[in-house]
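Letter by letter, the chains look like this.
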Amino acid sequence: SDPSYNASTLNLKLEKVLINSGILSHVDLSSDPYSIYLENVNTKAFGKINSNELKLEFINAFDQFTYISENITYLKQVKGSWEGDLIYMFDSGDWLINNIKIGLNTLKTRVNGDIQSGQGILKFDLDVHIPENTISDLISIIPGAMANQFDKLSATGKFSLVGSVKGMIDSIGHKPLIKCK
């Protein structure tokens, strides 16, 4: 046996992971700058962790989600939830996302696929389904500064969207292709 070589094994069952009143702030200053802010994040999760990966089934709720890209606020102080399965591979830094349900204010969505990260690149291969929602559900996520433009809007019925986000974001300006139908 080589005395300079060390091997270890990690295999733990996570029965309860709790985050109460958490804050997440991420500012990306690359060529396509964006910022994400989450406040009052509450998470309940369980799963497994071993030497290769972290697997979690989780439920997140947050009181304020703000998304800003190139100095434009697309979402501001949106209340929501995010639940599903998450796998993080330690060796590659890849995140695998499955069975995700996202709620933003009253807008309901389902996202399946994966996001891979590494070397400053985020690769997206996501399928998005927005099941039956009303126009009011959609307007509920528009920032307050623009929402007043819809004060007199009256609409009935429901809508659904099916789409995808495929491609990558990197420091030289690549952006994923977003399709909706």
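Residues numbered from 1 in each chain as written. Predicted model: local features only at pLDDT ≥ 70, side-chain atom pairs only at ≥ 80, totals over all residues. Heavy atoms only, no water.

A.B. asks: What's the story with unusual backbone geometry in this structure? I'm lost.
C.D. replies: Trans peptide bonds make up most of the peptide bonds, and negative phi angles are found at most residues other than glycine. Not every positive phi belongs to a glycine, and S21 is a case in point at roughly 55 degrees. Secondary-structure assignment places S21 in strand β1 (residues 11-28). Of the residues examined, S21 reaches a relative accessible area of 52% and is grouped as exposed. Its identity as a non-glycine residue notwithstanding, N105 has a phi of 50 degrees, on the positive side. Inspection of the secondary structure puts N105 in the loop between β5 (95-104) and β6 (107-118). (Helix = DSSP H or I, 4+ residues; strand = E, 2+ residues; numbered from the N terminus. Buried < 20%, exposed > 50% of the residue type's maximum accessible area, 1.4 Å probe, protein only.)

A.B. asks: Looking at this structure, how should I read the nonpolar core?
C.D. replies: One recurring pattern in soluble globular proteins is that nonpolar side chains are buried together. In this structure, F58, I97, I100, I115, F124 and L126 are the most contacted members of the largest nonpolar core, which totals 13 residues. For this core, the secondary structure elements donating two or more residues are β2 (34-50), β3 (53-69), β5, β6 and β7 (121-133). Examining the composition of this core, we find that 3 residues originate from one element, β3, more than from any other. Other than its neighbours up to four places away in sequence, F124 contacts D114, I115, V165, K166, G167, I169 and P176. Within the second largest apolar cluster, 11 residues are counted, among which are V41, L75, L107 and I130. (Core = buried A, V, L, I, M, F, W, Y, C linked by side-chain atoms within 4.5 Å. Contact = heavy atoms within 4.5 Å.)

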